[in-house]
Each structure stands twice: as C-alpha cells, then as structure tokens.
Amino acid sequence: MSLDGLSRRHFATLAGGAALGLSSAPADPADAGSTQDVRAAGENSFPGFPADFRWGTATSAYQIEGAVNEDGRGPAIWDRFAHTPGTIIDHSNADVACDHYRLYRDDVQLMKALGATTYRFSIAWPRVFPDGSGTPNPKGLDFYDRLIDELLANRIVPFATLYHWDLPQALQDRFGGWMSRDTAKAFADYAAYVAERLTDRVSHIFTINECSRLVHLGHGLGIDAPGLKLPQAELNQVRHNVALGHGLSVQAIRARGRPGTKVGPAENLVVCIPAIDAPAHVRAAEIATRELNGGYLTVMFEGQYIDGFLAQAGKDAPKYTAEDLRIISSPIDFLGLNIYKPDHYVLAADNERGFTLAPFPASFPHMDADWLRFGPEAMYWAPRHAAKLWGVRSIYITENGTSSADEPAADGNVHDLDRVMYLRNYLQQLQRATSQGVPVAGYFHWSLIDNFEWADGYQKRFGLYHVDFKTQRRTPKLSASFYQEIIKQNAVV
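Only a predicted model underlies this, so the values are computations on that prediction, with no experimental measurement involved.

Engineer: Outline the overall build of the protein, listing residues and values.
Structural biologist: When helices and strands are tallied, the protein shows 19 helices and 13 strands. Expected size for 493 residues packed as a compact globule is a radius of gyration near 23 Å; at 22 Å, the protein falls within 12% of this value. Judged by the C-alpha coordinates and their principal axes, the protein covers about 70 × 60 × 45 Å. Of all 493 residues assigned to the protein, the portion counted as buried reaches 59%. Within the protein, contacts between residues at least 6 apart in sequence are counted, and of these 77% link residues at least 24 apart. As displayed, the protein offers around 19100 Å² of accessible surface, 52% of which is attributable to carbon and sulfur atoms.

Below, the structure written as structure tokens:
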C-alpha cells in the first residue's frame, strides 16, 4: 500500500483537517463565506506548533532489533526473562523481533516517508559491554554507527537512549542488578564510553527510560524483567539506585561527550489532572504531581526526597547520602515525558495533603489495552505541570501512542481509526500547551513499527506500520498517513 496514495485518497475524509485543528497557518477572516471557507477557518482555529518543533518516532533496542546472539552481544535480563515459561502472554520472545538489526535501512526509509525529522532509538547495553562492564565489545557500537550514519544521510536527527531496560544479565548475576550501587556505577562507565564514541553525531542523549516502570513492574510486581517481587525497603533502595544511575550518567556524559551534548531522562511521570479546570483544583493537581513523583522527577529536580515521600516510606525509606542527592540532581538540559494516559483526576481538599484523588468510574473510556485510559488532556497538563513546578525549559514528548487490534482488511490495508482518533485528540491538547508557551520542543510517536511489547509479546501493536512477524513485511496503517499529514501541515516552508 502506498503511503502517499493512502494520504491522497483517504486523508481528507477520514482524518480531515477540519477535525484536526492543527494547521500551521493563521486563518484569514477575508476568506470566510463558502463551506470550504468554513472548513478552513475551523482547521486554523488553533495556532500552529513552533516553527522549530521536532516530529519523530521512537523504538527501543530489545523490542525491534533481534540478532540477540550476533556480533558479540551478551545476554540481557529480558532474554532470560522472555525464555522463562509463563512470563510472556503469547509465549514469544524477542530473539528475532522485527529484525531491525538487518532491516534498519528499510526502517529509516519508513521514517523518511512520514516526513519525520527525528528518531529516538535505544542502545543495547549488552551489545557494548557483554559483561556489563570491563572491556567493551569491539563490534558493540558498529551497528549504531551504521544506523546513525543512515539517519543523517536521510536528514533525520538521532536521539539516543542509553537504557531501555535491557540490563546485561551479567550485572544481574554479579550484583543483583539495580539492587546494588555497583550497577549504577557500571551504567556511568557505559554512558561515558558511548558519549565519547557517538557524540560527534548524536547531540541529544536520554539516560534512563521510565525509571518508575523498570522499578515497579520489574522489581515490585515481577511482571517485567528481572521478575522480582522485592519487599518495600529493598524496592525503595532499587528506586534510589536507579535515580543515582541517572545522575552518574549525566555527569559521565558531561565529562566525556563533545561540547554542546544535551542530556536528560525520559520518564512516565504520574499524570495528575485537575478534575475541574478551576484555580483551586489546578493547584491541587500541581501539589499531587510533585508529591506522587517524589521518588524520581521531584528528587532529580529538587535534590531532596520530600517529606511526603519519606513519611510514606517510613522505616522502608532508601539509604542515601547528601552526595547521592547532589549527583541525582545534576543539572539536565531537557526532560522527556512518556505520556499515554491520565493517572489521576485531582480535586482540592481540606486535608493535610491539599488534594484528593477521584476514583475512576467503571465506564471511563480506554483503548485496546485496559490500562490505557483515554484522556487527551494528559498531554496538556503533564508538560504544563513539569514546566511550572520545576522550571523545565525544554520538554520532549518521548513517547505517545496506543495499541490497537490492527488487523489488515480484505484489501490488505489497516484502517486503525481508533489510533487516528487517539492521536487527533492528544495532539490537539499538545498544541494547546505549546500555544500557551509550555516549552515542548518535539514529539516522538510510539512507535514506528509494531514490535515485541514486553510481557504482552506480539499481541499488542503500537506501530504506525504493521509488521507481519513471519515475513517481516512492513505495511503503513491509516495512522501513518494521518501522522504524515500532521508533519506536512506543520513543516517549515
């Protein structure tokens, strides 16, 4: 299916500009009058995104690369976890995944077809250091050298993520992984090596993707690798060690990267939305955002574990030093936010916290995945709160998207109208934020292609391109045409 052909034939009626409100040009009152003029006025009713706004897609190494035993790569904790019976819903693994390791040139052309100008990818730590530390694998960065060169040759700016959960199994075996500060130190050494090798071409580096998920799901609930169910005191220490790893890697990148290299985390903060858009409830949502993100973003920006976090932890609070807090709060250049859903709707309350959390009714809408509640306003409030609470001057939406059934129709096309609806509404809210001066500099759709979706295996599809995992054929979905049109409308002429 031709992406451009799909756009020309179907875009106007299925993903039309009148419903979008995402044009980059201001409306001209002199043009009002006809039905077409009314449509044009409607689509121009929102101001455009900033002229230098970056449009991109995102993936992670373990979810797409495959080639787990090639060119000296060592095993990762997800390799062992995925091969443990009962851990993956469809009994699959990522040994091959999307075979991106071999098909990366084709995948770069998919980005180019969208008009994307940036790409967020992750580097597999066990490719670079098969044992987690010590002597680097000579071929470890060769693949990323080739990928980066291919991106740049196609005028796509690379944004690299250092850790998207594929911890070398050797560190899990040797230290207990993130249960030990030694892993945080090994991560800093890995970050330094990558920064020294790649920052001649990569100017933006994310340290750790979603500290909160890798800790909570991987070490608390046991449904992500390494599959641990730690008691609360040990879990809080893991949380601290991960935050420390972020801070140490920031310092390492500053020390070993080229001048001008920018660095920051990519976090799925707890999104708190005022249930009513009125000053008291907005303030309550801000308070809740600061409190409920106390273990990650708050300590990263404020250099302290706030009283509420420590009081809730009690005797199970992590052990740390003042120097730890100084390292964790090392200055960053930008904040990446992974935004999929609202976590809480907040009301002002006359209690010691100053807020209460409204329960979600059973009828609250959600997407294909039950956890993915449909709340487009999350895309407005999350970056707004971050900018106001912590003075963040540069924000990237590092992930946003939805899973869908994505079954090809009889004609072979994938008419993922649910994803188009989701994106239309979320991007409207993002535009609302940028039009009010919230400093969002770019958006990375999750994801470029369908992939190995962790414990869900291949059952949940998030891609703009459908992947037949038997043949590795990529087919653009309707949402690819939608996103292509968004980028086209907001391109700098």
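Structure shown, so let's carry the discussion forward.
Engineer: Can you tell me about the sheet that holds strand 5 (residues 262-267), naming the residues and giving the values?
Structural biologist: Ordered in space as 1-2-3-4-5-7-10-11, the 8 strands form a closed barrel in which the pairing is parallel. The mean angle between the axes of side-by-side strands here comes to 25°, regardless of whether they run parallel or antiparallel. Along the sheet face, helix 11 (residues 211-220) touches strand 3 (157-163), strand 4 (204-209) and strand 5 and points at about 20° away from the line of strand 4. Contacts between helix 18 (residues 417-435) and the sheet are confined to strand 1 (54-58), strand 10 (395-399) and strand 11 (440-446), with strand 11 contributing the most and set at about 170° to the helix.

Engineer: A description of the side chain of N338 should follow, citing residues and the corresponding values.
Structural biologist: Note on placement: N338 falls in strand 7 (residues 335-338). For N338, the side chain forms a polar contact with the side chain of E210, separated by 2.9 Å. One polar contact links N338 to T398, side chain to side chain, over a distance of 2.5 Å. Ignoring anything within four residues of it in the chain, the contact list for N338 reads R120, N209, E210, A266, E267, N268, T398 and E399.

Engineer: I'd like a description of the pattern of salt bridges, backed by residues and values.
Structural biologist: Tallied over the entire structure, the rule returns 31 salt bridges. In this structure, R181 engages D324 in a salt bridge whose closest nitrogen and oxygen atoms are separated by 2.8 Å. Here the residue R181 occupies a position in helix 10 (residues 181-198), and D324 occupies one in helix 16 (residues 322-328), the gap between them amounting to 143 residues. Overall, the relative accessible area of 34% leaves R181 in the partly exposed class. The residue R384 makes a salt bridge to E286 at a minimum N-O spacing of 3.6 Å. Remark: E286 occurs in helix 13 (residues 279-292) and R384 occurs in helix 17 (residues 378-390); sequence separation between them is 98 residues. The exposure class assigned to R384 is partly exposed, which follows from its relative accessible area of 22%.

Engineer: Can you explain the confidence of the model for the protein? Please cite residues and give values.
Structural biologist: In this model, the protein carries an average pLDDT of 92, and 90% of its residues clear a pLDDT of 70 or more. Long-range and interchain partners of residues 4-46, a stretch whose pLDDT sits below 50, account for 69 contacts in this model, where long-range means more than four residues apart.

Engineer: With reference to specific residues and values, describe the packing of helix 11 against helix 12 (residues 232-256).
Structural biologist: Their axes nearest at 10 Å, the elements helix 11 and helix 12 cross at an angle of 150°. Considered as vectors, helix 11 and helix 12 are oriented roughly antiparallel to each other. Considering only the axes of helix 11 and helix 12, their crossing is right-handed. Mapping the contact onto sequence places C211, L214, V215, H219 and G220 in helix 11 and L235, V238, R239 and V242 in helix 12. When its residues are assigned to classes, the contact of helix 11 with helix 12 shows 6 nonpolar, 2 polar and 1 charged.

Engineer: Before we move on, could you go through the sheet that holds strand 8 (residues 344-348) and cite the residues and values that matter?
Structural biologist: Strand order across the open sheet formed by 3 strands is 6-8-9, with mixed pairing between neighbours. A single partner strand is all that each edge strand has here, and the edge strands are strand 6 (272-274) and strand 9 (355-358). Across the sheet, the mean angle from the axis of one strand to that of its neighbour is 45°, orientation sign disregarded. Pairing between strand 8 and strand 9: 4 bridges, direction antiparallel. Looking across to strand 9, one finds that V346 is bridged to L357.

Engineer: Kindly report on the packing of helix 10 against helix 12, identifying the contributing residues and their values.
Structural biologist: Between helix 10 and helix 12, the shortest axis-to-axis distance is 8 Å and the interhelical angle comes to 25°. Compared by their axis directions, helix 10 and helix 12 come out roughly parallel. Helix-helix and strand crossings are classified by hand; for helix 10 and helix 12 the assignment is right-handed. On helix 12, the residues touching R181, A184, K185, F187, A188, A191, A192, A195 and E196 of helix 10 are H240, N241, L244, G245, L248, S249, A252, I253 and R256. For the contact of helix 10 with helix 12, a count of residues per class yields 10 nonpolar, 4 polar and 4 charged.

Engineer: Run through the pairing of strand 3, naming residues and quoting values.
Structural biologist: Here strand 3 lies mainly inside the structure; 6 of its 7 residues are buried. In terms of strand pairing, strand 2 (residues 118-122) meets strand 3 through 5 bridges, oriented parallel. Opposite F121, over in strand 3, you have A160 as the bridge partner. Judged from the 4 bridges that link them, strand 3 and strand 4 form a sheet pairing that is parallel. Considered in strand 4, the bridge of Y163 is made with I208.

Criteria and thresholds
- Residues numbered from 1 in each chain as written.
- Predicted model: local features only at pLDDT ≥ 70, side-chain atom pairs only at ≥ 80, totals over all residues.
- Heavy atoms only, no water.
- Helix = DSSP H or I, 4+ residues; strand = E, 2+ residues; numbered from the N terminus.
- Rg over C-alpha atoms; globule rule 2.2 N^0.38 Å.
- Buried < 20%, exposed > 50% of the residue type's maximum accessible area, 1.4 Å probe, protein only.
- Contact = heavy atoms within 4.5 Å.
- Areas by Shrake-Rupley, 256 points an atom, 1.4 Å probe, with all protein chains shown as cover.
- Pairing = 2+ DSSP bridges.
- Axes fitted to C-alpha atoms, helices over the stretch in contact; angles between N-to-C directions.
- Polar contact = N/O pair within 3.5 Å; in protein donor to acceptor, adjacent residues only side chain to side chain.
- Salt bridge = Lys/Arg side-chain N within 4 Å of Asp/Glu carboxyl O.
- pLDDT = per-residue confidence, 0-100.
- Parallel < 35°, antiparallel > 145°, perpendicular 65-115°, else oblique.
- Left-handed = near helix turned anticlockwise from the far one by under 90°.
- Nonpolar A, V, L, I, M, F, W, Y, C, P; charged D, E, K, R; others polar.

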